[in-house]
Amino acid sequence: MFFYLTTLSLQKFIKEDVPVLPESTLENEHFIVTEAWKHLDFLCKNYILSRLENDLYNVYSNVKTSKELWEALENKYKTEDAGLKKSVAAKILDYKMVDSKSVIIQVQKLQVIIHELLAEGLVINEAFQVAAMIEKLPPLWKDFKNYLKHKHKEMKFEYLIV
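Scanning the protein chain from terminus to terminus reveals eight helices and zero strands. Mapped from its N terminus to its C terminus, the protein chain presents α and β elements in the order α-α-α-α-α-α-α-α. Here the protein chain has a C-alpha radius of gyration of 26 Å; the compact-globule value for 162 residues is 15 Å, and the former is much larger. Across its three principal directions, the C-alpha atoms of the protein chain cover 85 × 35 × 20 Å. Looking at the protein chain as a whole, 28% of its 162 residues qualify as buried. If you take every contact in the protein chain between residues at least 6 apart in sequence, the share linking residues at least 24 apart comes to 56%. Here the protein chain has roughly 11,800 Å² of accessible surface; of this, 58% comes from carbon and sulfur atoms. Each charge class in the protein chain was averaged separately, 22 positive and 23 negative side chains, and the resulting centres sit 10 Å apart.

As structure tokens, then:
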């Protein structure tokens, strides 16, 4: 949404309040500047509102300015981001491969989870990714798992996948 507002040159309205003009400003000029700001703020606010789900639209439609709307949405979703990080971290910790499914499909699923972790800003070094992938191998792969664990040379994640 921020990128979209930037392309429309409206991003400043989510950060700025109504401009305060000096008292020496002519009344006509003051009116024009204020009304132009209100109009562009109205557009900005409604571009944001138009992208919300109907239920959220009803909750936030009474907000007066783009800045207030943006701050309210940031407060709501930044809090949820912390929960999302914990949720994604829990996914990798809880993930278990099973013998009844294709290992390739399960490895791909684990790769997606690792990608989600990285996308959320949770940095995991490559050695940890390799160790996690090895530990997640299904029970029937026990011998291969032990072989991989006892290799003396450090393995790249991509090589392990292959």
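Before going further, it helps to examine a nonpolar patch on the surface. A grouping of L140, W141, F144 and Y147 is seen on the molecular surface, where their side chains present a nonpolar patch of about 460 Å² in accessible area. Here Y147 shows up in helix 7 (residues 142-149).

Inspection of helix 6 (residues 126-135) places Q129, V130, A132, M133 and I134 among the buried residues, and these make up the whole buried set. Tucked into the core, helix 6 has its buried residues touching helix 5 (103-119), helix 7 and helix 8 (157-161). Capping the start of helix 6 is the job of one residue whose side-chain oxygen sits 3.3 Å from the backbone nitrogen of A127: N125.

The subject of this paragraph is the pattern of salt bridges. For the structure shown, the criterion picks out five salt bridges. Measuring nitrogen to oxygen at the nearest pair gives 3.3 Å for the salt bridge that ties D17 to K67. Placement of D17 in the loop between helix 1 (2-7) and helix 2 (27-50) and of K67 in helix 4 (residues 66-94) is noted, with a sequence separation of 50 residues between them. Classification of D17 as exposed rests on a relative accessible area of 52%. We note a salt bridge from E126 to K156, for which the minimum N-O separation is 3.7 Å. Linking E126 in helix 6 with K156 in the loop between helix 7 and helix 8, this pair joins segments that are 30 residues apart in sequence. Judged by relative accessible area, which is 53%, K156 ranks as exposed.

With that out of the way, let us pick up the environment of F3. Examined against the element boundaries, F3 turns out to sit in helix 1. Assessed through its relative accessible area of 67%, F3 is described here as exposed. Note: C-alpha distance between F3 and I32 (29 residues apart in sequence) is 28 Å.

Reading guide: rules and limits
Residues numbered from 1 in each chain as written. Predicted model: local features only at pLDDT ≥ 70, side-chain atom pairs only at ≥ 80, totals over all residues. Heavy atoms only, no water. Helix = DSSP H or I, 4+ residues; strand = E, 2+ residues; numbered from the N terminus. Rg over C-alpha atoms; globule rule 2.2 N^0.38 Å. Buried < 20%, exposed > 50% of the residue type's maximum accessible area, 1.4 Å probe, protein only. Contact = heavy atoms within 4.5 Å. Areas by Shrake-Rupley, 256 points an atom, 1.4 Å probe, with all protein chains shown as cover. Lys, Arg positive; Asp, Glu negative; His and termini not counted. Charge placed at Lys NZ, Arg CZ, Asp CG, Glu CD. Patch = residues over 30% accessible without salt bridge, like charges linked within 9 Å, V, L, I, M, F, W, Y side chains within 5 Å. Salt bridge = Lys/Arg side-chain N within 4 Å of Asp/Glu carboxyl O. Polar contact = N/O pair within 3.5 Å; in protein donor to acceptor, adjacent residues only side chain to side chain.

From the geometry alone we can't say anything about function, so treat these as descriptive.
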